[in-house]
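# Architecture and fold: a report
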Amino acid sequence: QVQLVESGGGLVQPGGSLRLSCAASGTSGSIFSLYTMNWYRQAPGNQRELVASITGGGSTQYADSVKGRFTISRDNAKNTVYLQMNSLKPDDTAVYYCNKPWTFGSRVAWGQGTQVTVSS
């Protein structure tokens, strides 16, 4: 029912910044505001790892590897979640995925992924 589309990925130099967006459709803003939303990333040969989470109430959690550099936020009026990435490192290179976890009445949803490459 819920579809997620990421955008904003690209090539950036180490130390640079990038903002990813995740637009949700198939849901109303009032329902979207209740969802916990996550950003995951996956590099080739690696497991998909949870990068950041934000609850419907706005509480956030971050992986240790990105804490202090990344900020997850949401605009419920736009059904959109953001990931602001600062001080990017080559190890941040991965495909980044937006995710809405499974809940009663709302199945899990994943975006198609957006490539982030941090390189000189």
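What you see is a predicted model, and the numbers here were worked out from it, not measured in a lab.

### A closer look at the sheet that holds strand β1 (residues 3–7)
Sheet strands line up and pair through hydrogen bonds in the backbone, either parallel or antiparallel. Across the sheet, which stays open at both edges, the four strands sit in the order β1-β3-β8-β7 with antiparallel pairing between neighbours. The sheet is open, and its two edges are formed by β1 and β7 (70–75), each paired on a single side. Strand-to-strand, the axes of this sheet are offset by a mean angle of 15 degrees, without reference to chain direction. For β1 and strand β3 (residues 18–25), the ladder comprises five bridges, and the chain directions are antiparallel. Among the inter-strand pairings, V5 is bridged to a residue of β3, identified as A23.

### What about the pattern of salt bridges?
Using the criterion set out here, one finds four salt bridges in the structure. Its salt-bridge partner being E49, residue R41 comes within 2.7 Å of it at the nearest N-O pair. Residue class for R41 comes out buried when judged on its relative accessible area of 6%. One network of salt bridges, with partners in common, ties together R41, E49, R69 and D92.

### Observations concerning the pairing of strand β8 (residues 80–85)
With five of six residues buried, β8 is to be regarded as a mostly interior element. Relative to β8, β3 is paired through six bridges, and the arrangement is antiparallel. The residue of β8 that forms the bridge with A23 is T80.

### Observations regarding a nonpolar patch on the surface
Taken together, the side chains of W102, F104, V108 and W110 present a nonpolar region at the surface, about 510 Å² in accessible area. With respect to the secondary-structure elements, W110 resides in strand β10 (residues 109–110). Classification of W110 as partly exposed rests on a relative accessible area of 37%.

Reading guide: rules and limits
Residues numbered from 1 in each chain as written. Predicted model: local features only at pLDDT ≥ 70, side-chain atom pairs only at ≥ 80, totals over all residues. Heavy atoms only, no water. Pairing = 2+ DSSP bridges. Helix = DSSP H or I, 4+ residues; strand = E, 2+ residues; numbered from the N terminus. Axes fitted to C-alpha atoms, helices over the stretch in contact; angles between N-to-C directions. Salt bridge = Lys/Arg side-chain N within 4 Å of Asp/Glu carboxyl O. Buried < 20%, exposed > 50% of the residue type's maximum accessible area, 1.4 Å probe, protein only. Patch = residues over 30% accessible without salt bridge, like charges linked within 9 Å, V, L, I, M, F, W, Y side chains within 5 Å. Areas by Shrake-Rupley, 256 points an atom, 1.4 Å probe, with all protein chains shown as cover.

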